[in-house]
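# Understanding the architecture of this molecule
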Amino acid sequence: MLRRNLLHARRYPSLTLNLLLTPVVLLLLFVYVFGGVMSAGITGGPADRADYVAYLVPGILLLTAAMTTLGTAVSVANDMTEGIIARFRTMAISRTSVVTGHVIGSVIQTLTALVLVLGIGLAIGFRPDATPVEWIAAAGLLALFSLGLTWLMVGVGLVSPNAEGASNIAQPLVMLPFLSSAFVPVDAMPGWFGWFAEYQPFSPAIETLRGLLLGTGIGTTNAVLAVGWSLGLTVLGYLWSKAQFNREPRR
C-alpha cells in the first residue's frame, strides 16, 4: 500500500506541486514584499529583513506540513469514491494497511516538502543556530506533528463525499497557521483572538521549532503543548479513521 501511494505521487505530481507552491510563494512574498514593514513592526526598530526571515521560516515549515497533508484527504476521498477501497475490503489483506499506506506515504512526502522549503529558506537568508541535538529534536517535532495532521486528514477523506468535499472540509485546519504566531507574535493580537492563537495547535509547535532552530527560549508550556497537540491529533485521527474505515462501504 505504501508503494502504491508513492507511485501515485510520482505519476501525478501536480497535486503535490500545487500544495507546495502556496507556502513557497507566501515565504517569498512575506520576505521580499512585506519583510521590511513586518520586521519593523515586530522589533519596533529599523526594518531588518534578515530578522524577519528568521522569524518567518519556522511558521512556513508548519504551514507546509498543513498544506501537504491536505493532499492526503483528497487522495483518500478519491479512493473511497472510485471503488478501490470496496475491492480492497474483499481481498486477503489487513484493513489497516490501506490507510496506513496513505499515512506513511503522506508523511514521507511532507518531510520531503519540508526539506525543500527549508532549503529555499536557507537560500534567502535563514541562518539557524541549532546544535545537532536541537536539529534532531526539530526534525522529530515536525515528523510527529505531520503524522498527527496526516491521520486527521485521512479521517476527513473517509467522511468526504468526493475529492472536492475533502478539500473544503479540510480548509479550516489548513487556515489555522494563518491564525497563529507564524507571521506576527500573538502579543500583537487583540485579547480573545490572541488567546486562541496562543493555544491552538500550530502556535506552540511554531514557537518550539523557533526555539530549537534559533537557539532562543522555548518555554515549558510551548514544548508540552506542541508534543501534546501532536500526540492528541495522532490518536484522535487514528481512532476516527479506524472507525470510519470499518463502517459499511458507500453505496
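As a starting point, this report considers the structure included with it. Bear in mind the structure is a predicted one, so any value in this text is a computation, not a measurement.

What follows deals with the packing of helix α7 (residues 132-159) against helix α10 (residues 202-214). Contact pair α7 / α10: the axes reach a minimum separation of 9 Å and the direction vectors enclose 160 degrees. Taken together, α7 and α10 sit at an angle that is classed as roughly antiparallel. In the crossing of α7 with α10, the sense of the turn from one axis to the other is left-handed. Residue-level inspection shows E134, W135, A137, A138, L141, L142, F145 and L149 of α7 in contact with α10, the latter providing F202, A205, T208, L209, L212 and L213. Class assignment for the residues of the contact of α7 with α10 results in twelve nonpolar, one polar and one charged.

Before going further, it helps to spend a moment on α10. Between the first and last C-alpha of α10 there are 18 Å, a value that for 13 residues agrees with the 18 Å anticipated at 1.5 Å per step. Within α10, eleven of the 13 residues are buried, leaving the element largely enclosed by the surrounding structure. Buried within α10 are the following residues: F202, S203, P204, A205, I206, T208, L209, R210, G211, L212 and L213.

Between two packed helices, both the angle of their axes relative to each other and the distance between the axes serve to describe the pair. Between α10 and helix α11 (residues 220-245), the shortest axis-to-axis distance is 8 Å and the interhelical angle comes to 125 degrees. Relative to α11, α10 is oriented oblique. In terms of crossing hand, the pair formed by α10 and α11 is left-handed. Contacts from P204, A205, E207 and T208 in α10 reach N222, A223, L225, A226 and W229 in α11. Here the contact of α10 with α11 is composed, by residue class, of six nonpolar, two polar and one charged.

Here we take up the packing of aromatic side chains. According to the stated counting rule, one finds seven aromatic pairs in the structure shown. The rings of F30, F178 and F183 are connected pair by pair, giving a single aromatic cluster. Above the ring of Y55, the side-chain terminus of R210 is found at 3.6 Å from the ring centroid.

This part takes up a nonpolar patch on the surface. Where nonpolar side chains cluster on the molecular surface, the patch consists of L21, V25, L28, L29, Y32, V33 and F34 and spans about 610 Å² of accessible area. Looking at where L28 falls in the secondary structure, it is placed in helix α2 (residues 14-32).

Once that is clear, we can look at the pattern of salt bridges. Charged atoms that come close allow side chains of opposite charge to pair. In the structure shown here, the tally under the stated rule is one salt bridge. Across the salt bridge formed by R210 and E207, the nearest N and O atoms sit 2.7 Å from each other. Here R210 and its partner E207 are both found in helix α10, three residues apart, which amounts to about one turn of the helix. Judged by its relative accessible area of 24%, E207 is partly exposed.

Let us now look at the nonpolar core. L61 and F202 are the most contacted members of the largest nonpolar core, which has 50 residues in total. Counting residues per element, the ones that place at least two in this core are α2, α4 (49-82), α6 (95-123), α7, α8 (163-175), α10 and α11. By residue number, the principal contributor to this core is α4, which donates 15 residues. Ignoring any residue separated from it by four or fewer positions in sequence, one finds F202 in contact with L62, A66, F145, L149, L173, L176, P177 and S180. In terms of nonpolar packing, the next biggest core, distinct from the first, is built from twelve residues, M80, V98, V154 and L158 among them.

Time to look at the environment of V227. Within the secondary structure, V227 is located in helix α11. Accessibility expressed as a relative area gives 39% for V227, which makes it partly exposed. Once the C-alpha coordinates of V227 and L141 are considered, the two residues, 86 residues apart in sequence, prove to be 7.4 Å apart.

Conventions used here
- Residues numbered from 1 in each chain as written.
- Predicted model: local features only at pLDDT ≥ 70, side-chain atom pairs only at ≥ 80, totals over all residues.
- Heavy atoms only, no water.
- Axes fitted to C-alpha atoms, helices over the stretch in contact; angles between N-to-C directions.
- Helix = DSSP H or I, 4+ residues; strand = E, 2+ residues; numbered from the N terminus.
- Parallel < 35°, antiparallel > 145°, perpendicular 65-115°, else oblique.
- Left-handed = near helix turned anticlockwise from the far one by under 90°.
- Contact = heavy atoms within 4.5 Å.
- Nonpolar A, V, L, I, M, F, W, Y, C, P; charged D, E, K, R; others polar.
- Expected span 1.5 Å × (residues − 1).
- Buried < 20%, exposed > 50% of the residue type's maximum accessible area, 1.4 Å probe, protein only.
- Phe/Tyr/Trp six-rings, centres within 6.5 Å; stacked < 30°, edge-to-face > 60°.
- Lys NZ or Arg CZ within 6 Å of the ring centre and 35° of its normal.
- Patch = residues over 30% accessible without salt bridge, like charges linked within 9 Å, V, L, I, M, F, W, Y side chains within 5 Å.
- Areas by Shrake-Rupley, 256 points an atom, 1.4 Å probe, with all protein chains shown as cover.
- Salt bridge = Lys/Arg side-chain N within 4 Å of Asp/Glu carboxyl O.
- Core = buried A, V, L, I, M, F, W, Y, C linked by side-chain atoms within 4.5 Å.

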